[in-house]
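Summary of structural features
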Protein chains: 2
Amino acid sequence: MSLIVVGSVAYDGVATPAGKVERMLGGACTYIALSASYFTRVGIVGVVGEDFAQEDLDLLGSRGIGLEGLERVPGKTFFWQGVYSDDMNERETLRTDLNVFAGFNPKLPQGYREAPYLMLGNIQPALQKSVRGQMRNPRLTVGDTMNYWINDYRGELVETLKDWDCLLVNDGEARLLSGEKNLKRAAEKIRAMGPRFLVVKRGEFGAVLFYEGGHVNMPGYLLETLKDPTGAGDCFAGGFIGYLASCGVSAKDATPQQLARAVVYGSEMGSYCCEDFGVDRFRTLTRDAIEARFNEFRAFTAL
Amino acid sequence: MSLIVVGSVAYDGVATPAGKVERMLGGACTYIALSASYFTRVGIVGVVGEDFAQEDLDLLGSRGIGLEGLERVPGKTFFWQGVYSDDMNERETLRTDLNVFAGFNPKLPQGYREAPYLMLGNIQPALQKSVRGQMRNPRLTVGDTMNYWINDYRGELVETLKDWDCLLVNDGEARLLSGEKNLKRAAEKIRAMGPRFLVVKRGEFGAVLFYEGGHVNMPGYLLETLKDPTGAGDCFAGGFIGYLASCGVSAKDATPQQLARAVVYGSEMGSYCCEDFGVDRFRTLTRDAIEARFNEFRAFTAL
């Protein structure tokens, strides 16, 4: 395995202006792993219940994703249900049943601990810290978080992200974590907390990556079909770290060009994710389509 | 003169989180002309009252802007007053005194009618149409408008923009004019109304330009100092058409690279505008600074 991904594996129910699905495969770990699987060999660490379907295991397996770290325990799989606003930029959570995820205590298979790349999905910072501690010496550790942990677990989060090479957040989370309204100054403060790189995801408007002495600023992809944004941020994370893993870079030697390309592959994977419900787009997406969209990015940002 | 600019010349009172100015030079025509003056020879067409200050004429003159088409009539100059929200993304109009602008009936000096470039600022569509009719045969006509004209003067606006090569609007206006939520489909519908190019300005998130068979999509510039966004959209327009005028292109032969660069120069000029109140940034801005920021755009979008 080249990349280890930790996070939730879930079932989701979503309603968007484009339709409604009662129950479908979801969870941050699932989206990140599927997205990254187009770039590198991925192993996941997560927990599911007895209701987790064989066809969903088969989908992950069909993308070459290692399942040795996916625990199956008595009980039901994490379930989340939400409904999106008309422009799909807002969503309301209708139901969150943690189920077996409430007892999640990630334990990495021995064979995973030497892997060079680690992606920590959005879970409690203490669990992220425990996972990072089980890894021997990853070349690049990327972590995600959210406003809930920033507000209510700030100390634990700040302690945890010290050891990360890259933090992924959105605009509002960057401002909340730094206490600074201006994005450039917010980025300086966050980078001073430990992470060498900060990626600020801006939804349909793309993403900015800050590094020592500079930044990468890429627009989003203009979609013609937008069915379900669930998982888009996680697919960004998967494309981002997956591409960097495919380059074999470490946090210290990543070049601005590699970082820019990683941001674009991240944006792309997020955009593909939105074209169908849940993970459905990944049932047919090909690496050729990913390269074609990369070339579109190159064309519409060419100066 | 290479570029003729038509629109309001005004005094503004603004309050932003960075401060308050009771009365300062403003108006779409003023901002467009100052911005474009860094790229090409500009002549303006507008109207002011007896209260218009010599120092403001001097500022325009110092940038080489032709004032032959600036009428001075009895009465007071257009006055607008507004207050911005905390994030400066919203503003509330407190006062609009049209004054002499209520009787504005633009009449172009003979020497302006042969000019190759025309920028129609946001005024009543019938007046924009009259100005376009007075020009002999411009190589490129760009027009701005706003939700008020789209809602209440739709027929007149649609009739007017038939003759434009490029329309500049924001996201919401593009959706309102086309009746289409998806931006790519909205652009197709608007381009079918006449303009070969559509520019959608997205504030801090940059701008998209749609042309036959493709588009340009550029992020915005990340500002560290944001004092007053008044006039930023007009400065975008000035940088955009000013750069195209400096290339000498016509609507039919503009290349995607020229269009992309025009979008970046537009974004830049909008970003510089926000760094100080009103037009103050243009009292010190140099062409070298503009080139330096262009190189920053090239660096942070490089793939």
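1. Section: the packing of aromatic side chains
Within this structure, the stated rule accounts for 29 aromatic pairs over all chains. Ring geometry for A:F297 and A:F300: centres 4.9 Å apart, planes at 45°, overall tilted. Here A:F297 pairs with A:F300, and both are found in helix α10 (residues 287–300), just three residues apart, close to one helical turn. For the pair A:F297 and A:F300, one class covers both residues: buried. Taken together, a centroid distance of 5.9 Å and an interplanar angle of 35° make the contact between B:Y221 and B:F297 tilted. In this pair, B:Y221 sits in the loop between β13 (214–218) and α8 (232–247) while B:F297 sits in helix α10 (residues 287–300), placing the two residues 76 residues apart along the sequence. Take B:Y221: its relative accessible area is 12%, and that puts it in the buried class. One aromatic cluster in this structure is built from A:F39, A:Y243, A:Y265 and A:F294.

2. So, unusual backbone geometry
All names here are of chain A. Here the phi dihedral of M88 falls at roughly 65°; this positive angle occurs in a residue that is not glycine. Structurally, M88 is set in the loop between β6 (78–84) and β7 (91–97). In this structure M88 comes out as buried when scored by relative accessible area, which is 11%. A positive phi angle, close to 50°, is found at N99, a residue other than glycine. Checked against the element boundaries, N99 lands in the loop between β7 and β8 (117–120). Overall, N99 belongs to the partly exposed group, its relative accessible area being 34%.

3. Re the interface of chain B and chain A
Contact residues are listed per partner, giving 33 residues for chain B and 33 residues for chain A. Buried area between chain B and chain A, summed over both chains or domains, comes out near 2,900 Å², and the portion from carbon and sulfur atoms is 54%. A per-residue breakdown of the area chain B buries against chain A is headed by B:L222, B:E224 and B:L303, which together make up 30% of the total. The interface formed by chain B and chain A includes four salt bridges. Its salt-bridge partner being B:R202, residue A:E204 comes within 3.5 Å of it at the nearest N-O pair.

4. Description of the pattern of salt bridges
Under the counting rule described, the total for this entry stands at 30 salt bridges over all chains. Close ionic contact of A:K184 with B:E224 constitutes a salt bridge, the shortest N to O distance being 3.7 Å. Of this pair, A:K184 sits in helix α7 (residues 183–191) while B:E224 sits in the loop between β13 and α8, placing the two residues on different chains. When its relative accessible area of 38% is taken as the criterion, B:E224 is described as partly exposed. Between A:R287 and A:E291 there is a salt bridge, with its nearest N and O atoms 2.7 Å apart. You can see A:R287 and its partner A:E291 sitting in helix α10, four residues apart, about one turn around the helix. Residue classification places A:R287 among the partly exposed positions, given a relative accessible area of 33%. For A:E291, a relative accessible area of 26% gives the class partly exposed. Taken together, the shared-partner salt bridges connect A:D171, A:R175, A:R202 and B:E204 into one network.

5. Quick look at the relation of the copies chain B and chain A
Mapping chain B onto chain A calls for a screw motion: a turn of 180° about the axis and a shift of 0.0 Å along it, with 0.0 Å RMSD after fitting. On this basis, the relationship between the two copies can be described by a two-fold rotation axis. Considering only C-alpha atoms, the residue of chain B closest to the rotation axis is B:P219, which sits at 2.5 Å.

About the cut-offs
Residues numbered from 1 in each chain as written. Chains lettered and ligands numbered in written order. Predicted model: local features only at pLDDT ≥ 70, side-chain atom pairs only at ≥ 80, totals over all residues. Heavy atoms only, no water. Phe/Tyr/Trp six-rings, centres within 6.5 Å; stacked < 30°, edge-to-face > 60°. Helix = DSSP H or I, 4+ residues; strand = E, 2+ residues; numbered from the N terminus. Buried < 20%, exposed > 50% of the residue type's maximum accessible area, 1.4 Å probe, protein only. Contact = heavy atoms within 4.5 Å. Buried area = accessible area lost by both parts, 1.4 Å probe. Salt bridge = Lys/Arg side-chain N within 4 Å of Asp/Glu carboxyl O. Least-squares fit on C-alpha atoms with pLDDT ≥ 70 in both.

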